[in-house]
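Residue-level listing of the chains:
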Protein chains: 2
Amino acid sequence: MSKPSIPQGTRDFGPEVVRKRQYIFNTIRSVFELYGFQPLETPAMENLETLMGKYGEEGDKLIFRILNNGLDNTGKHQQAREDFEKVLEGKNVKGITERALKYDLTIPFARYVAMNQGQLTFPFKRYQIQPVWRADRPQRGRYREFYQCDADVVGSKSLLNELELVNIYEEVFVKLGIADYELRINNRKILAALAELCGGADKMIDITIAIDKLDKIGIDKVKEELAQRGLNEEQITTIEKYLNITGNNREKLELIKTLIGHLETGSKGIEELEYVINNNQIQNQRSPIIIDFTLARGLNYYTGIIFEAKAPPAVKMGSIGGGGRYDDLTGLFGVPNMPGVGISFGVDRIYDVLEELKLFPEGVYTGTQVLFFNLGPAESITAFSAMQSLRNQGVRCELYHEQAKMDKQFKYAEKKNIGFVVIIGSQELLNNTAVVKNLKTGVQESMALANLSNKLFI
Amino acid sequence: MSKPSIPQGTRDFGPEVVRKRQYIFNTIRSVFELYGFQPLETPAMENLETLMGKYGEEGDKLIFRILNNGLDNTGKHQQAREDFEKVLEGKNVKGITERALKYDLTIPFARYVAMNQGQLTFPFKRYQIQPVWRADRPQRGRYREFYQCDADVVGSKSLLNELELVNIYEEVFVKLGIADYELRINNRKILAALAELCGGADKMIDITIAIDKLDKIGIDKVKEELAQRGLNEEQITTIEKYLNITGNNREKLELIKTLIGHLETGSKGIEELEYVINNNQIQNQRSPIIIDFTLARGLNYYTGIIFEAKAPPAVKMGSIGGGGRYDDLTGLFGVPNMPGVGISFGVDRIYDVLEELKLFPEGVYTGTQVLFFNLGPAESITAFSAMQSLRNQGVRCELYHEQAKMDKQFKYAEKKNIGFVVIIGSQELLNNTAVVKNLKTGVQESMALANLSNKLFI
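Treat the numbers as computed from the prediction; the structure is a model and nothing was measured. (Residues numbered from 1 in each chain as written. Chains lettered and ligands numbered in written order. Predicted model: local features only at pLDDT ≥ 70, side-chain atom pairs only at ≥ 80, totals over all residues. Heavy atoms only, no water.)

Attention now goes to the interface of chain B and chain A. Accessible area lost during the coming together of the parts is what is often quoted as the interface size. Taken together, the contact pairs 109 residues of chain B with 109 residues of chain A. Taking both partners together, chain B and chain A bury about 9,300 Å²; carbon and sulfur atoms supply 57% of that area. Taken together, the connections running from chain B to chain A amount to 10 salt bridges. Here Arg19(A) and Glu33(B) are joined by a salt bridge, their closest N and O atoms 3.4 Å apart. (Contact = heavy atoms within 4.5 Å. Buried area = accessible area lost by both parts, 1.4 Å probe. Salt bridge = Lys/Arg side-chain N within 4 Å of Asp/Glu carboxyl O.)

As structure tokens, then:
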């Protein structure tokens, strides 16, 4: 067969990478738990109808569908051909594909809440750390299989939740050593008020889409796009005025009030922002929250406060997290009035930030600490027994798998970055001793086997 | 839309179940690490050609294939129709389906080793804890998405590895409290010798398949099956003699020697069994290894020692783990001579055993420890600040999300099994105090806010 390979856009994670990723997941998980969030896991596969129509036309096309099994059973071929014609028309037919891989964690969460609402205690605070799949064109930093890492509170309209989520960002990033991240905040109500100011709520989507591109394409192109989307010069001038608001948070709030404070939605949006800024309980905050009216968070279901966490400016990696408030999580699944707010962490980008800034701690490396040499059948069994006592004391050990020259065994220890070797040769076997060598310092010492203990390897 | 549901044979895991499963995974992971095994993660999706032809005809049919995206693009329809005809004939065509969900962890591991052999240090000891997918008919205890939990050493023929794996089973099961599990052991070389004794190596598969069913169908049916598979009376008598070997390990070894000890493969197989039994380094072993010549481990690639771990007889759950030695992991991927040995843990069954025997420890529950009441806007902000100090001391806290009657907040704490509440009302706000109530004992106490500390909640 041809050379083995893996699908484009997917990755194998070797030992070191798995450990570093686990360090990130565990850090985030421990903070989520500290804040009373509870773990949830949903299957990789969902029924296709659960996912379809939830991610916009473009999103739907990126869902990985699973081919039904048993299509080759005799007797069903004509039906299958007819069904397949519909697939060619871009439809989804149960006869061909009933299931698909999940595209995000939010829709499966909504489906879970709708299915289990009777059993859950609300507000329900859940976190979920699982892979999702998207048939996107793979490119640097964009994968077809990647982890999402979300925390949401549903069943509560209280802004106390937003305060908590701000704290979670701070606590996770400080724990990871990313102290100079930026947390930007805006409110979709303010964007809605801006749309209202520009002649109607129906402009909201056009304005949001255009503003969302500001970072990438600059103000002139945004203005062009707005014109193409049918906004007139006066409206574009208003939007430019909005986008040009600068200053510290207090100054920005003053300016936005003069622009949209007279509109009900606008005033509500401003009030919510003020609540979060004024009641923020982070002690000794290193990176204060920044109000950023250019923040739009794309074309999603957000309706209130929105967040974006950005990597430290030094690494130029952009967004490492985001989230916001929504009015209705589960309406699509027949359960109305389920407001909530959530955030997510961009684990792949966070990984790159930690790598670039050399922020992974020493303790992430949890490979073998001690290699026992194998110098013969009897020697190896004595070494095995000594090793088991060390393992019982929590020391991660290996015994070299076969009798071999010392050189070869030293080389193995070196390649695997093992710090200590324990040598039991024929002489040591006779005397019930062992030689312990620290490979970093080169210091070696002979001792009674009974004196081998975990204290030697710290 | 219709009521939301999840695909047959898949499961959502709510908070309590996730925590219990994590407890099992973490226990196994910590032992794997203690024994020098390193984590590996491979993608959910593999190229279809990596998987096809590796699991036998029946297995291949149970692979979940992923439909290619973009089939509805104009211009490709005729090709797609032709390709689909081949799918209806039971073939796999890249034009329709290039990728599939992994069916086990072994083949992706083999693919990984073949792809990365130049970078790896051998013997390579890896563990892998990930979900796999099979389009099996769902039934009690059999799922379409389930976790496997494997440890393998490749690049070594040494029986020291087998000794280690025996120790890993013991250590994991003892840590989990499943002290009276059974570890059964056999050697495929002994089965090969039995086939030789019955007239030829070509009988090996027939004999193995039949023996493998002994537990389920009994000796008479096994004999029937052997006859159907073309074995004559004399051969069946030999096999029956083999299956009837009883006694303790020493007695069994004596009897097997008289039966097949004169054959080279047989003698080698017996010698290997004796090595493992005689050099077993488990201290104070509660369940000694049991030689079981009826153990066959199905129609797989095993060629040497094979293992099966069984649940305590009291719970009647059968196998909770298994594994064995193989000669050639990566030959199918163009890299020959890669012998190895591995074991796996049946996590779903282990979960059921722990549940039935009530072996999950108290500490598995890591939900919220303290609920702060919300008795008004100012009270809630003071409570929030006090709560943050507790969180900084590692106490898992929540603030009730909105101002509500005390009753409602007590009820929330009760439903979520939260042990303590902290009440800050208008009076406490004035006096800088808080009331701490232990919901288990009913004892409550008023104290200065500054005296709230993690020591109160242990």
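Picking up after the structure, the text goes on.
Per the stated rule, a full pass over the model turns up 41 aromatic pairs over all chains. The rings of Phe32(A), Phe37(A), Tyr127(A), Tyr169(A), Phe173(A), Tyr181(A), Phe307(A) and Phe345(A) are connected pair by pair, giving a single aromatic cluster. Stacked on the ring of Tyr103(A), the Lys or Arg Arg134(A) has its end atom at 4.1 Å from the ring centre. The aromatic ring of Tyr143(B) is capped on one face by Arg11(B), whose charged end is 3.3 Å from the ring centroid. (Phe/Tyr/Trp six-rings, centres within 6.5 Å; stacked < 30°, edge-to-face > 60°. Lys NZ or Arg CZ within 6 Å of the ring centre and 35° of its normal.)

Let's shift gears to the relation of the copies chain B and chain A. One copy of the chain maps onto the second through a rotation around an axis plus a translation along that axis. With an RMSD of 0.1 Å, the fit of chain B onto chain A corresponds to turning through 180 degrees and sliding 0.0 Å along the axis. The operation mapping one copy onto its partner corresponds to a two-fold rotation axis. In terms of proximity to the rotation axis, the leading residue of chain B is Ile66(B), whose C-alpha is 2.2 Å off the axis. When the interface residues of chain B are mapped onto chain A, 100% of them are again interface residues, pointing to one common binding face. (Least-squares fit on C-alpha atoms with pLDDT ≥ 70 in both.)

A few words on the packing of helix 1 (residues 15–34) of chain B against helix 6 (residues 160–175) of chain B. Residue and element names in this part refer to chain B. Where helix 1 meets helix 6, the axes come as close as 10 Å, and the angle between the chain directions of the two elements is 145 degrees. The hand of the helix 1/helix 6 crossing is right-handed. Contacts between helix 1 and helix 6 involve Tyr23, Thr27, Ile28, Ser30, Val31, Phe32 and Leu34 from the first element and Ile168, Glu171, Val172 and Lys175 from the second. Of the residues assigned to the contact of helix 1 with helix 6, the class counts are seven nonpolar, two polar and two charged. (Axes fitted to C-alpha atoms, helices over the stretch in contact; angles between N-to-C directions. Helix = DSSP H or I, 4+ residues; strand = E, 2+ residues; numbered from the N terminus. Left-handed = near helix turned anticlockwise from the far one by under 90°. Nonpolar A, V, L, I, M, F, W, Y, C, P; charged D, E, K, R; others polar.)

Moving on, we come to the environment of Gln393(A). Residues and elements named next belong to chain A. Along the chain, the position of glutamine 393 falls in the loop between helix 14 (377–392) and strand 13 (397–399). For glutamine 393, a relative accessible area of 34% corresponds to the partly exposed category. Taking the C-alpha atoms as reference, glutamine 393 lies 6.2 Å from asparagine 454; in sequence the two are 61 residues apart. (Buried < 20%, exposed > 50% of the residue type's maximum accessible area, 1.4 Å probe, protein only.)

This brings us to the domain arrangement of chain A. Annotation of chain A at the domain level lists domain 1 (182–306) and domain 2 (366–457). Computed from C-alpha coordinates alone, the two centres of domain 1 of chain A and domain 2 of chain A are separated by 64 Å. (Domains from an automatic or database assignment.)

Counting 98 residues, the largest nonpolar core has Ile168(A), Tyr242(A), Phe345(A) and Phe372(B) as its most contacted members. Among the elements that make up this core, the one with the highest residue count is helix 6 (residues 160–175) of chain A (eight residues). Once you skip the residues sitting within four places of it in the chain, Tyr242(A) turns out to touch Asn186(A), Ile190(A), Leu191(A), Leu194(A), Ile211(A), Ile256(A), Leu259(A) and Phe293(A). Listed in part, the 97 residues of the second largest apolar core include Val370(A), Ile270(B), Ile320(B) and Val353(B). (Core = buried A, V, L, I, M, F, W, Y, C linked by side-chain atoms within 4.5 Å.)

Taking strand neighbours across the sheet as the criterion, the eight strands line up as 1-5-6-11-10-9-7-8 (chain B) in an open arrangement whose pairing is mixed. Only two strands of the sheet have a single neighbouring strand rather than two, namely strand 1 (38–39) and strand 8 (290–291) of chain B. (Pairing = 2+ DSSP bridges.)

Residues and elements named next belong to chain A. When you line up the elements, aspartate 206 lands in helix 8 (residues 204–212). For aspartate 206, a relative accessible area of 19% translates into the label buried. Here the side chain of aspartate 206 touches arginine 229 through a polar contact of 2.9 Å, side chain to side chain. Not counting residues within four places of it along the chain, the set of residues in contact with aspartate 206 comprises Leu226, Arg229 and Leu231. (Polar contact = N/O pair within 3.5 Å; in protein donor to acceptor, adjacent residues only side chain to side chain.)

Applying the stated criterion across every chain yields a total of 59 salt bridges over all chains. For Arg11(A), the salt bridge identified is with Asp348(A), shortest N-O distance 2.9 Å. Of the two residues, Arg11(A) is situated in the segment before helix 1 (15–34) and Asp348(A) in helix 13 (residues 347–356); the sequence distance between them amounts to 337 residues. On the basis of relative accessibility, which here comes to 15%, the residue Asp348(A) falls in the buried class. The partner of Lys189(A) in a salt bridge is Glu272(A), and the shortest N-O contact between them spans 3.0 Å. Taken together, the residues span a long stretch of sequence, with Lys189(A) in helix 7 (residues 188–197) and Glu272(A) in helix 12 (residues 264–279) at a distance of 83 residues. Glu272(A) carries the same exposure label as Lys189(A), and that label is buried. Salt bridges linked by common partners bring Lys125(A), Glu164(A), Arg391(B), Glu398(B) and Lys416(B) together as one network.

Attention now moves to the pairing of strand 7 (residues 182–187) of chain B. Residues and elements named next belong to chain B. Counted residue by residue, strand 7 has six buried out of six residues, so it is predominantly covered. The alternating pattern of strand 7 places Glu182, Arg184 and Asn186 on one face and Leu183, Ile185 and Asn187 on the opposite face, and all of these are buried. The sheet contact formed by strand 7 and strand 9 (residues 302–310) spans six bridges and is antiparallel. When the sheet's bridge partners are listed, isoleucine 185 is paired in strand 9 with phenylalanine 307. As defined by bridge partners, strand 7 adjoins strand 8 across two bridges and the pair is classed as parallel. Along strand 8, the bridge assignment pairs arginine 184 with isoleucine 290.

For the rest of this paragraph, the subject is the environment of Pro7(A). Here Pro7(A) shows up in the segment before helix 1. For Pro7(A), a relative accessible area of 2% puts it in the buried group. Along the chain, Pro7(A) and Arg144(A) lie 137 residues apart, while their C-alpha atoms are 8.9 Å from each other. Not counting residues up to four positions away in its chain, the partners in contact with Pro7(A) are Met45(B), Glu46(B), Asn47(B) and Arg99(B).

Residues and elements named next belong to chain A. Taking the numbering used here, the UniProt-annotated feature "binding site: L-histidine" (unreviewed entry) corresponds to Asp104, Leu105, Thr106, Arg134, Gln148, Asp152, Arg297, Tyr301 and Tyr302. As for its placement among the helices and strands, aspartate 104 is situated in the loop between strand 4 (99–101) and helix 5 (106–116). Accessibility expressed as a relative area gives 9% for aspartate 104, which makes it buried. Sequence-distant contacts of aspartate 104, defined by excluding residues within four places in its chain, comprise Tyr55, Val132, Arg134 and Gln148. One polar contact links aspartate 104 to tyrosine 55, side chain to side chain, over a distance of 2.7 Å. Along the chain, the position of tyrosine 301 falls in the loop between strand 8 (290–291) and strand 9 (302–310). Classification of tyrosine 301 as partly exposed rests on a relative accessible area of 40%. Apart from the residues within four sequence positions on either side, tyrosine 301 is in contact with Thr106, Arg325 and Tyr326. Separated by 3.4 Å, the side chains of tyrosine 301 and threonine 106 make a polar contact. (UniProt positions renumbered as here; feature names shortened; annotations may be inferred.)

Every other side chain in a regular strand lies on the same face of the sheet, so the side chains alternate between the two faces. Residues and elements named next belong to chain A. In terms of burial, strand 5 (residues 124–133) is a largely internal element, 10 of the 10 residues being buried. Residues Phe124, Arg126, Gln128, Gln130 and Val132 of strand 5 are buried on one face, and the alternating residues Lys125, Tyr127, Ile129, Pro131 and Trp133, pointing to the opposite face, are buried as well. Bridge analysis of strand 1 (residues 38–39) against strand 5 gives two bridges, and the strand direction is parallel. Looking at the pairing, proline 39 lines up with tyrosine 127 of strand 5. Pairing of strand 5 with strand 6 (residues 145–154) involves 10 bridges; the strand directions are antiparallel. For glutamine 128, the partnering residue across the bridge sits in strand 6 and is aspartate 150.

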